[in-house]
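# Architecture and fold: a report
Letter by letter, the chains look like this.
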Amino acid sequence: MRPINDLTSIQHIERLLNEFSEQALHIDEDNRRRSKKVTEQWFSPSLFQTRSSVALDYVKETERLLAQLLQTTSKESQRYVAEKLCAQVEALATALRSDKLPEMGEEQREVKANNYQKLHEQLVTYRGYERRLTENLENAQSKGGQDVIQAAQKRLNRCQMAIDQLERQIQRYDEG
């Protein structure tokens, strides 16, 4: 891989990012006019941290990465950031070449809605388990067997951790 530190490479990337911004604005405006729902899984999570249905958000992340590269002083950090920057630029070039973002099909929306509903049903089931486990713990505490109390407490804790995890999943669905 060629070093990105030379001025011509940086200027070239800046020109590409300006072109990408214009293309992204065009795509976003077109999608707004047509009221299209665009998928937020446009790129791999390992490539972009951004999760958005707006094309310009991905270009802005790449612009921030270029700014980070210009401020980085460590050679190893520069190499890592430069490689990620190159990968993002290539991905944006490929995606924007088609002049539209991938749309979220009706089937994808139905699958998401079904998964969301299943998570809520599972949460209701787990809450029922939690109630029974709480009753078991109270019964164990009234009878006084330390081993029985600890076992009941462990089961209740595992159930509560599963509930927390489910609630986080539901929150991620709610946030988009």
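Residues numbered from 1 in each chain as written. Predicted model: local features only at pLDDT ≥ 70, side-chain atom pairs only at ≥ 80, totals over all residues. Heavy atoms only, no water.

## A few points about the overall build of the protein chain
When its secondary structure is counted, the protein chain shows five helices and zero strands. Residues classed as buried in the protein chain amount to 33% of the 176 residues present. Contacts in the protein chain between residues at least 24 apart in sequence constitute 67% of all its contacts with a sequence separation of at least 6. Total accessible area computed for the protein chain in this model is approximately 11,900 Å², and 48% of it derives from carbon and sulfur atoms. (Helix = DSSP H or I, 4+ residues; strand = E, 2+ residues; numbered from the N terminus. Buried < 20%, exposed > 50% of the residue type's maximum accessible area, 1.4 Å probe, protein only. Contact = heavy atoms within 4.5 Å. Areas by Shrake-Rupley, 256 points an atom, 1.4 Å probe, with all protein chains shown as cover.)

## A closer look at helix 3 (residues 75-97)
Between its first and last C-alpha, helix 3 extends 32 Å over 23 residues, near the 33 Å set by a 1.5 Å rise per residue. When we look at burial in helix 3, the residues that qualify are Q78, V81, A82, K84, L85, Q88, V89, A91, L92, A95 and L96. (Expected span 1.5 Å × (residues − 1).)

## Quick word on the nonpolar core
Of all hydrophobic cores here, the largest spans 24 residues; its most connected members are F20, F43, F48, V59, L85 and L92. When residues of this core are traced back to their parent elements, those giving at least two are helix 1 (7-34), helix 2 (55-71) and helix 3. The dominant element in this core, judged by the number of residues it contributes, is helix 3, at eight residues. Dropping the residues within four chain positions of it, F20 is found in contact with V59, V89, L92, A93 and L96. Counting twelve residues, the second largest nonpolar core, distinct from the first, contains L123, L133, A152 and L156. (Core = buried A, V, L, I, M, F, W, Y, C linked by side-chain atoms within 4.5 Å.)

## A word on the confidence of the model for the protein chain
When the pLDDT values of the protein chain are averaged, the result is 81; 81% of them are 70 or greater. Per-residue pLDDT, averaged within each element of the protein chain, yields its smallest value for helix 4 (residues 106-143) (81) and its largest for helix 2 (91). Note that pLDDT drops below 50 for residues 1-5; the model gives that stretch 15 contacts with residues more than four away or on any other chain. (pLDDT = per-residue confidence, 0-100.)

## A closer look at the pattern of salt bridges
Opposite charge on two side chains lets them pair, provided their charged atoms get close. Applying the stated rule across the entire model yields two salt bridges. Notably, a salt bridge pairs R127 with E130, separated by 3.3 Å at the nearest N-O pair. With R127 and E130 both in helix 4, this residue pair falls three residues apart, about one helical turn. The salt bridge partner of R127 is E167, with a shortest N-O separation of 2.2 Å. Of this pair, R127 sits in helix 4 while E167 sits in helix 5 (residues 146-175), and the two are 40 residues apart along the sequence. Given the relative accessible area of 30%, R127 is considered partly exposed. Each of R127, E130 and E167 takes part in salt bridges that share partners, so that together they form one network. (Salt bridge = Lys/Arg side-chain N within 4 Å of Asp/Glu carboxyl O.)

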